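So the chains spell out like this:
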Amino acid sequence: MLRIENLTVRVEDRQILKDFNLNINKGEVHVLLGPNGAGKTTLIKAILGYKNYIIESGKIYFKGKDITNLSISERVSQGIGVLFQRPPEINGVKLSKLLSVCDQKRNSFIHKTSENACDSDLDDYMNNLTKRVKFSDHFLERDVNTGFSGGEVKRSEILQMMVMQPDLLLFDEPDSGVDVENVELIASVMRELLDRDKVPSKQEKSGLIITHLGYILKFLGHITRAHILMHGKILCSGNPKQIINAVMKNGFEKCKECISCID
Ligand code: ADP
Ligand code: MG
Ligand code: MG
């Protein structure tokens, strides 16, 4: 689904990712851990194609195609979705408007005309999704993220993902600044979006989850692999439980000394 080869990314005059490699197959969910400033969000932005995240060398492949030079909208239209760590407030744009644009885009990507669907069908569909994230109707009429609490921002982000239904889902700290109940709610939607309740042979979605806490992972079923990012490179990869335990015990810097976590 996603293959990143020897990626070096510069922001302004600093190299943030250095010779970075990652491979996520169809149906796999990986976790990326690492200290603040390691380059985790930079990785997400580079995968998406932000202009000021300059690819000095390396390649990004999505579903087998080289997307390194595609625009953000081309990448999104091919099925990459992101839950941002700190999405912007969009004054003057109602959440309902943003969701209906997401829905139109989604329909055009999958070549399904929405001509047959009438406005009331769309309203019902949106209302059901909105209920799923425990938003009351008035949220749809508020400006996107403006004055939203931490938990509300993440729920608004995941609502957009529910409409887009991407094949590769990138979650940048879906649990940061969110209370326990909201973490569990967000995790249950993530679980659904990632096909986690299907039998493994039917799991078609792939995910990359950036988190500082192991807590959210408890709700997501089997995690394929965990990676630790330090100073723009993968320090070690392996069994998620062992990696998280090693980080808890030894910290990021010394995690690698815990030989049992390296495979
Ligand atoms: P993480 O998500 O792992 O905490 P980031 O990827 O956000 O780390 O940041 C890695 C480094 O790159 C930090 O030192 C950060 O200040 C820098 N950086 C990221 N984006 C920008 C930017 N747009 N302009 C300048 N520096 C940036
Ligand atoms: Mg951070
Ligand atoms: Mg970050």
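Looking at an unreviewed UniProt entry, one finds the protein chain named Fe-S cluster assembly ATPase SufC and attributed to Promethearchaeum syntrophicum.

## Describing the overall build of the protein chain
Helices and strands together make up the secondary structure of the protein chain, namely seven helices and 12 strands. Radius of gyration (C-alpha) of the protein chain: 19 Å, near the 18 Å computed for a compact globule of 263 residues. The C-alpha extent of the protein chain, read off along each of the three principal axes, is 60 × 40 × 40 Å. Residues counted as buried form 35% of the 263 residues belonging to the protein chain.

## Thoughts on the site of ligand 1
Near ligand 1, the surroundings consist of V11, E12, I16, G34, N36, G37, A38, G39, K40, T41, T42 and N52. The class makeup of the residues in the shell around ligand 1 is three nonpolar, seven polar and two charged.

## Digging into unusual backbone geometry
Despite not being glycine, N145 shows a phi value in the positive range, around 65 degrees. As for its position among the elements, N145 is in the loop between strand 8 (143-144) and helix 5 (150-164). Looking at N145, the number of C-beta atoms within 10 Å reads 20, which means it is buried. The backbone of H231 sits at a positive phi, close to 50 degrees, despite the residue not being glycine. Its place among the elements puts H231 in the loop between strand 11 (225-230) and strand 12 (233-238).

## Topic: the sheet that holds strand 2 (residues 14-24)
The antiparallel open sheet is built from four strands, whose spatial order is 2-1-4-5. Every other strand in the sheet has two partners, leaving strand 2 and strand 5 (65-66) as the edge strands with one partner each. Across two bridges, strand 4 (residues 53-62) lies against strand 5 in antiparallel orientation. Note that in strand 5 the partner of Y61 across the bridge is D66.

## Some words on the sheet that holds strand 11
Across the sheet, six strands lie side by side as 6-9-10-3-11-12; this open sheet has mixed pairing. Among the strands making up the open sheet, the edge pair consists of strand 6 (80-83) and strand 12. Ignoring which end each strand starts from, the neighbouring axes of this sheet average 20 degrees apart. Sheet topology places strand 11 next to strand 12; five bridges connect them, and they run antiparallel. Across the sheet, I228 pairs through a bridge with C236, a residue of strand 12. Contacts from helix 5 reach strand 6 and strand 9 (168-172) within the one sheet, and its direction differs from that of strand 6 by about 165 degrees.

## Observations regarding the pairing of strand 11
Across four bridges, the pairing between strand 3 (residues 29-33) and strand 11 is parallel. Counted as the bridge partner of V31 is A226 from strand 11. Here strand 11 hands over to strand 12 after two residues, with H231 in that stretch at a positive phi of 50 degrees.

What counts, and at which threshold
- Residues numbered from 1 in each chain as written.
- Chains lettered and ligands numbered in written order.
- Predicted model: local features only at pLDDT ≥ 70, side-chain atom pairs only at ≥ 80, totals over all residues.
- Helix = DSSP H or I, 4+ residues; strand = E, 2+ residues; numbered from the N terminus.
- Rg over C-alpha atoms; globule rule 2.2 N^0.38 Å.
- Buried ≥ 20, exposed ≤ 12 C-beta atoms within 10 Å, placed from the backbone.
- Near = placed C-beta within 6 Å.
- Nonpolar A, V, L, I, M, F, W, Y, C, P; charged D, E, K, R; others polar.
- Pairing = 2+ DSSP bridges.
- Axes fitted to C-alpha atoms, helices over the stretch in contact; angles between N-to-C directions.
- Contact = placed C-beta atoms within 7 Å.

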